[in-house]
Amino acid sequence: MEGVVSVFPNKQKKLHTTRSWDFLGFPQQVQRTTVESDIIIGVLDSGIWPESDSFSDKGFGPPPSKWRGTCRASTNFTCNNKIIGAQYYRSNGDVFGNDIRSPRDSEGHGTHIASIAAGNVVNMASVQGLGSGTARGGVPSARIAVYKICWLDGCSDADILAAFDDAIADGVDLISISVGGTADSYFKNSIAIGAFHAMRNGILTSNSAGNRGPALATLTNISPWSLSVSASAIDRKFFTEVQLGNDKIYEGISINTFDLKNEMYPIIYGGDAPNTTAGFEGSSSRYCDPGTLDQNLVKGKIVLCDFLGDGEGALLASAVGTVNKGPGRRDIAFSFPLPASYLDVVDGSNVYFYINSTRSPTATILKTNERKDAFAPYIASFSSRGPNVVTPSILKPDLAAPGLNILAAWSPISPISQVEGDNRKLSFNIASGTSMACPHATGAAAYVKSLHPKWSPAAIKSALMTTADPMSAGKNPEAELAYGAGNINPSKAPNPGLIYDIDAADYIKFLCGQGYNTKLLQLLTGDNSTSCSDATNGTVNDLNYPAFALSTPPLRSINRVFNRIVTNVGSPTSTYKAILTSPLGLTIKVTPSILSFTSLGQKLPYTLTIEGTIDKFTVSASLTWDDGTFLVRSPIAVFAPA
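Owing to the predicted nature of the structure, the values given are computational and were not obtained by experimental measurement.

Parameters and conventions
Each chain carries its own residue numbering, running from 1 in the direction its sequence is written. Owing to the predicted nature of the model, reporting of local features is limited to residues with pLDDT of at least 70; listing and counting of side-chain atom pairs is limited to 80 or more, with chain, interface and lining totals taken over all residues. The side-chain numbers reported here are obtained from all heavy atoms of the structure, hydrogens and water having been left aside. A pair of cysteine sulfur atoms is labelled a disulfide when the two atoms are within 2.5 Å. The cut-offs for exposure are 20% and 50% of the maximum accessible area for each residue type, with area from a 1.4 Å probe on protein chains only; residues under the lower value are buried, those over the upper are exposed, and the others partly exposed. Per the annotation, domain bounds derive from an automatic or database assignment of domains. Contacts are assigned to residue pairs with any non-hydrogen atoms lying within 4.5 Å of each other. Buried area counts how much accessible surface, traced with a 1.4 Å probe, disappears from two parts once they are put together, with both parts' losses summed. In what follows, salt bridge is the name for a side-chain nitrogen of Lys or Arg lying within 4 Å of a carboxyl oxygen of Asp or Glu. Definition of a polar contact: a pair of N or O atoms within 3.5 Å, with one able to donate and the other able to accept a hydrogen when the atoms are protein atoms, and with sequence-neighbouring residues admitted only if both atoms are side-chain atoms. Put simply, DSSP H or I for four residues or longer makes a helix, DSSP E for two residues or longer makes a strand, and each gets a number counted from the N terminus. Residue classes follow a fixed rule: Ala, Val, Leu, Ile, Met, Phe, Trp, Tyr, Cys and Pro count as nonpolar, while Asp, Glu, Lys and Arg count as charged, and any other residue, Gly among them, counts as polar.

Student: Where do I start with the state of the cysteines in this structure?
Tutor: Each disulfide is one covalent bond, formed between the sulfur atoms of two cysteines. Across all of its chains, the model carries four disulfides by this definition. A sulfur-sulfur distance of 2.1 Å marks the disulfide that ties Cys150 to Cys155. Here the S-S torsion is close to 105°, and the disulfide linking Cys150 with Cys155 is therefore right-handed. Cys150 sits in the buried class, given a relative accessible area of 2%. One disulfide bridge connects Cys288 with Cys305, the sulfur atoms lying 2.1 Å from each other. The chirality of the disulfide connecting Cys288 with Cys305 is left-handed, given an S-S dihedral of about -95°.

Right under this line is the structure:
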């Protein structure tokens, strides 16, 4: 039918702070303007908990005059001058379980996300003493518009597209969506389609990169017109000790607020306590899944499990606590519905040997402690890696932001472990995911927007990327494919010196070059003058992206030219010199190597040429334009496809 852009199944997508902003060098007292209160962030997620202190409207004036949205109020939900709009979408029909047919967040995720981006300053925030400090969003004075698209069974494409349409029409300044599915085409992906329309209307969309790392090519949000954010660590980590009856202590990780008061309890191995009545053997009960454990054998004891589960099985079997062991990455501290700690294989095996070498083995699990993580920042193990599976020569992710063990607001009707039977109902929670990284980037983008209201989405994105702090390939083997341009630096971002601007016409040229035809593009853009021809087709190398990526087979001779244009937003009269870092095997040249500007807004072109060969999976380089005041850095990643 005429008017149909593309047809694809209405699939379900998945949902992907006291210390984090300070760790980024972005203090509470940073320079702000009154314009910040006019910034509206559209949050597409699982709703919001409006009574949270993070969303109080005390001291807020009425919504900005540009706001055209509505509040879908109900008996249990009202907006205020902080949460100025709220809608919900449920094309799949009825709600069930704990879901609430209103913009109210029963899950906690959307509340967490919104408060990271734009939550008020809340003193003495913590999870029962853990992570204690002042919680705040990146732009505490900004307004929030809520679009509830996610429910217990996921987030449907139809609802995502409807919410994008409404957010654009309502007048939001930025869109934050910590949601993802699969990424195999720009126009069979509801988030990419919605973000394209947002970009055409001057709205930057901030996306989570995905939580399928550390495997390569696992990114779920890859469109060049949106910001794709990976998850980095902050300098705070949580650890939980397990003490055995032989006085040996082993350190694991978790968020454990339960206090066993150092009392020793019998400890049993899950594999020795199968629920045989239900037909389970030790080969199953060792993993402690719900129903596999014999309550008569486990009740009142700590149970050792061979898998990092959510603790529900041990809880249902009336265990006092659970010790999990396994080979998984040890960076996320999970909450469990009972005292718990996650040990590595060696320490977990020592606990197992102790159980089997002692007549009456006992143990206790201590409350969680926190300490400085001197290794930070680094990319979390779960964070999805590049390359971009649709266009490998568009570097993704774009940058990194804090997403590991982040404290932010929560829905008190949702247990912090998200396991039924956990009766702790708190207004803050510690959670991890690229979901938490995305709103950090959204908040930083909103801060830039408040200081440069007229900047385009691409200009804001460029400013965030070229001012990002470089990260270490030594800590992150996948290098730029893990962290993009680096860790966001919100304090520097408003003053990038130069920007790489891109408008809708540039993206359309890029798409023409990627093989999309005229009819498809006209339907997408709603503009009948849009067309693809040999004259308008643009190569990926010519898209004015603030990063360089090149996919090449190993030992294949490379000769690639990239064309770029930079716009002066720093000093009216300035001279920038190109500073290049080149790895062995590659020769990188910039022409011209000096750019002299005589006015603000002036644009100057340059070319970057890469020649040579690579003999390993990925090599990193960089180009920095330096005028003595501003450092405008672009990463260069050359990699062999997996």
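Student: Where do I start with the domain arrangement of the chain in this structure?
Tutor: Reports of interface size often rely on the accessible area that becomes lost once the parts have come together. The domains assigned to the chain are domain 1 (19-233 + 378-483), domain 2 (236-372) and domain 3 (498-502 + 543-639). On a C-alpha basis, the centres of domain 1 and domain 2 stand 34 Å from each other. The interface is formed by 23 residues belonging to domain 1 together with 18 residues belonging to domain 2. With both chains or domains summed, domain 1 and domain 2 bury close to 1,800 Å², and 57% of this area falls on carbon and sulfur atoms. For the pair domain 1 and domain 2, the number of links is zero salt bridges. In this structure, the connection of domain 1 to domain 2 is made through seven residue pairs in polar contact (both at pLDDT 80 or more). At the level of elements, β5 (130-135) and β23 (428-431) are the ones that each hand at least two residues to the side of domain 1 that touches domain 2. Taken together, the residues of the side of domain 1 that touches domain 2 sort by class into 10 nonpolar, nine polar and four charged.

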